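Tertiary structure, described
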Amino acid sequence: MEEINCIGLCCPQPIIKIAKAIANVSPGDSLILLADDPLILLDLRAWARMTGNEVTPISETRFKVTRRNQNV
């Protein structure tokens, strides 16, 4: 599973990077996002609601992002 390393980046950079990366995978596939922005989970959840994708926290800095729709 591909990892997108956004450690040290602040919003909106992690969201921009995961949005670009998830557009290149098939629906049902996942990516791992590494991010340490203190608000990343809130930002990811809002982005997921708006795009129809799914975010699963693995740890404080590691998140599984699954593409759930055709249009990201």
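Residues numbered from 1 in each chain as written. Predicted model: local features only at pLDDT ≥ 70, side-chain atom pairs only at ≥ 80, totals over all residues. Heavy atoms only, no water.

Notes on the sheet that holds strand β1 (residues 3-5)
To summarise the sheet geometry, strands pair through backbone hydrogen bonds and adopt either a parallel or an antiparallel arrangement. Read across the open sheet, the 4 strands follow the order β1-β2-β4-β3; overall the sheet is mixed. Strands at the two margins of the open sheet, each flanked by one partner only, are β1 and β3 (54-57). Strand after strand, the sheet turns through a mean of 25° between neighbouring axes, direction not considered. Sheet analysis places β3 next to strand β4 (residues 62-66), joined by 4 bridges and oriented antiparallel. The residue bridging glutamate 54 from the neighbouring strand is threonine 66, located in β4. (Pairing = 2+ DSSP bridges. Helix = DSSP H or I, 4+ residues; strand = E, 2+ residues; numbered from the N terminus. Axes fitted to C-alpha atoms, helices over the stretch in contact; angles between N-to-C directions.)

Here we look at the nonpolar core
Formed by 17 residues in total, the largest nonpolar core has its most connected members in Ile18, Leu33, Leu44 and Trp47. Beyond its immediate stretch of four places on either side in the chain, isoleucine 18 contacts Ile4, Leu31, Leu33, Leu44, Trp47 and Val65. (Core = buried A, V, L, I, M, F, W, Y, C linked by side-chain atoms within 4.5 Å. Buried < 20%, exposed > 50% of the residue type's maximum accessible area, 1.4 Å probe, protein only. Contact = heavy atoms within 4.5 Å.)

Description of helix α1 (residues 13-22)
Among all positions in α1, only Pro14, Ile15, Ile18, Ala21 and Ile22 are buried. Taken end-on, α1 shows its buried residues confined to a sector of 135°, consistent with a single buried face. At its buried positions, α1 is contacted by β1, β2 (30-34), α2 (40-51) and β4. (Arc of directions from axis to C-beta.)

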